[in-house]
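A look at the structure
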Amino acid sequence: MAKTHFLVVNGYGCHSDTPLGWTYLPKIVCFIQKQRPDYIILCGGFTQRKSAPGVSEARLMFDFIDSHYSGALGFILEEDSYTSLENIRNAAQRIRERGDRRVEITIFCEATRALSVVWLARRFMSDLVESIDDIIVETASWERADPFKQVWKMIYNRFAARFPHLARRERKRRIRRAEQI
């Protein structure tokens, strides 16, 4: 029996005239054309409420992929996530809700965030797969900041996964920032 292939895509903004649209989403469309996953979970909330009112990262990615790929796909929009932790945790919950027994998961993220995403995937998704080898992280790179800054994010995510009040605090901060952008 074949495994159900889930593609989880972390969002990075609500504007396609950025590296999101120039680099990241075209790479995802190529992946979809070659791999043909069974379900695509697009993760990202309303992170830029001022500059993109009513547009979630998930919806923007859906519109882009839908306009560049003509095949039938099973989309799941996860519009209630504002951090990598929430993206992975909420995507894992969506996969659980489907109830598939044999699963493989591919996760797309920005390259400097890959370490955190790998850890988060192992933390929240390892019970969904037969082996951690069934969780693959694909990346695209456009971040110009020092990749070492993500070490702090990795440490933070470990604490936030263990202490939910930290995750709630970061979520509130992200939502406040979204109202200013």
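Provided above is the structure to which this section pertains.
No experiment lies behind these values; they were computed from the predicted model shown. (Residues numbered from 1 in each chain as written. Predicted model: local features only at pLDDT ≥ 70, side-chain atom pairs only at ≥ 80, totals over all residues. Heavy atoms only, no water.)

Of all hydrophobic cores here, the largest spans 52 residues; its most connected members are Y24, I105 and M125. Discounting residues that sit within four places of it in the chain, Y24 has contacts with V9, N10, Y12, P19, F108, C109, E110, A140 and W142. (Core = buried A, V, L, I, M, F, W, Y, C linked by side-chain atoms within 4.5 Å. Buried < 20%, exposed > 50% of the residue type's maximum accessible area, 1.4 Å probe, protein only. Contact = heavy atoms within 4.5 Å.)

Phi at R36 takes a positive value of approximately 50 degrees, unusual for a residue other than glycine. Within the fold, R36 resides in the loop between α1 (19–35) and β2 (39–43). Relative accessible area serves as the criterion here: at 53%, R36 is assigned to the exposed category. (Helix = DSSP H or I, 4+ residues; strand = E, 2+ residues; numbered from the N terminus.)

The subject of this paragraph is the side chain of N90. With respect to the secondary-structure elements, N90 resides in helix α3 (residues 84–98). One polar contact links the side chain of N90 to the main-chain carbonyl oxygen of D80, over a distance of 3.5 Å. Those residues within four positions of N90 in sequence are excluded, and the remaining contacts are E78, D80 and S81. (Polar contact = N/O pair within 3.5 Å; in protein donor to acceptor, adjacent residues only side chain to side chain.)

Another aspect to go through is the sheet that holds strand β1 (residues 4–10). Hydrogen bonds between backbone atoms are what pair the strands of a sheet, whose relative direction is either parallel or antiparallel. Pairing in this open sheet of five strands is parallel, and the strands run β3-β2-β1-β4-β5 from one edge to the other. With one partner strand each, in any of the chains shown, β3 (74–78) and β5 (135–140) form the two edges of the open sheet. Across the sheet, the mean angle separating the axes of adjacent strands is 20 degrees when strand polarity is ignored. Strands β1, β2 and β3 of the sheet are contacted by helix α2 (residues 57–68), whose axis makes an angle of about 135 degrees with β2. Across the sheet, helix α4 (residues 114–125) touches β1, β4 (103–110) and β5, and the angle it forms with β4 is around 150 degrees. (Pairing = 2+ DSSP bridges. Axes fitted to C-alpha atoms, helices over the stretch in contact; angles between N-to-C directions.)

Where side chains of opposite charge bring their charged atoms close, a pairing between them can arise. Applying the stated criterion across every chain, the model contains 13 salt bridges. With a closest N to O distance of 3.9 Å, E130 and K3 form a salt bridge. Within this pair, whereas E130 is found in the loop between α4 and β5, its partner K3 is found in the segment before β1, the two being separated by 127 residues in sequence. Residue class for K3 comes out partly exposed when judged on its relative accessible area of 25%. For E86, the salt bridge identified is with R171, shortest N-O distance 3.1 Å. Here E86, found in helix α3, pairs with R171, found in helix α6 (residues 164–180); they are 85 residues apart in sequence, far enough to count as distant. No difference in accessibility class separates E86 from R171, as the two residues are buried. (Salt bridge = Lys/Arg side-chain N within 4 Å of Asp/Glu carboxyl O.)

Counting through the fold element by element, D134 comes out in the loop between α4 and β5. Classification of D134 as buried rests on a relative accessible area of 12%. At a separation of 2.9 Å, a polar atom in the side chain of D134 contacts the side chain of K3. Not counting residues within four places of it along the chain, the set of residues in contact with D134 comprises K3, V103, E104, I105 and V129.

Right, let's talk about the packing of aromatic side chains for a bit. Applying the stated criterion to the full structure yields seven aromatic pairs. Centroid distance F62 to F75: 4.8 Å. Interplanar angle 85 degrees. Geometry classified as edge-to-face. Within this pair, whereas F62 is found in helix α2, its partner F75 is found in strand β3, the two being separated by 13 residues in sequence. For F62, a relative accessible area of 18% corresponds to the buried category. Summarising the aromatic geometry, the rings of W152 and Y156 are spaced 6.4 Å apart at their centres and angled 50 degrees between planes, so their arrangement reads as tilted. Of the two residues, W152 and Y156 are both situated in helix α5 (residues 149–162); the distance of four residues between them amounts to about one turn of the helix. (Phe/Tyr/Trp six-rings, centres within 6.5 Å; stacked < 30°, edge-to-face > 60°.)

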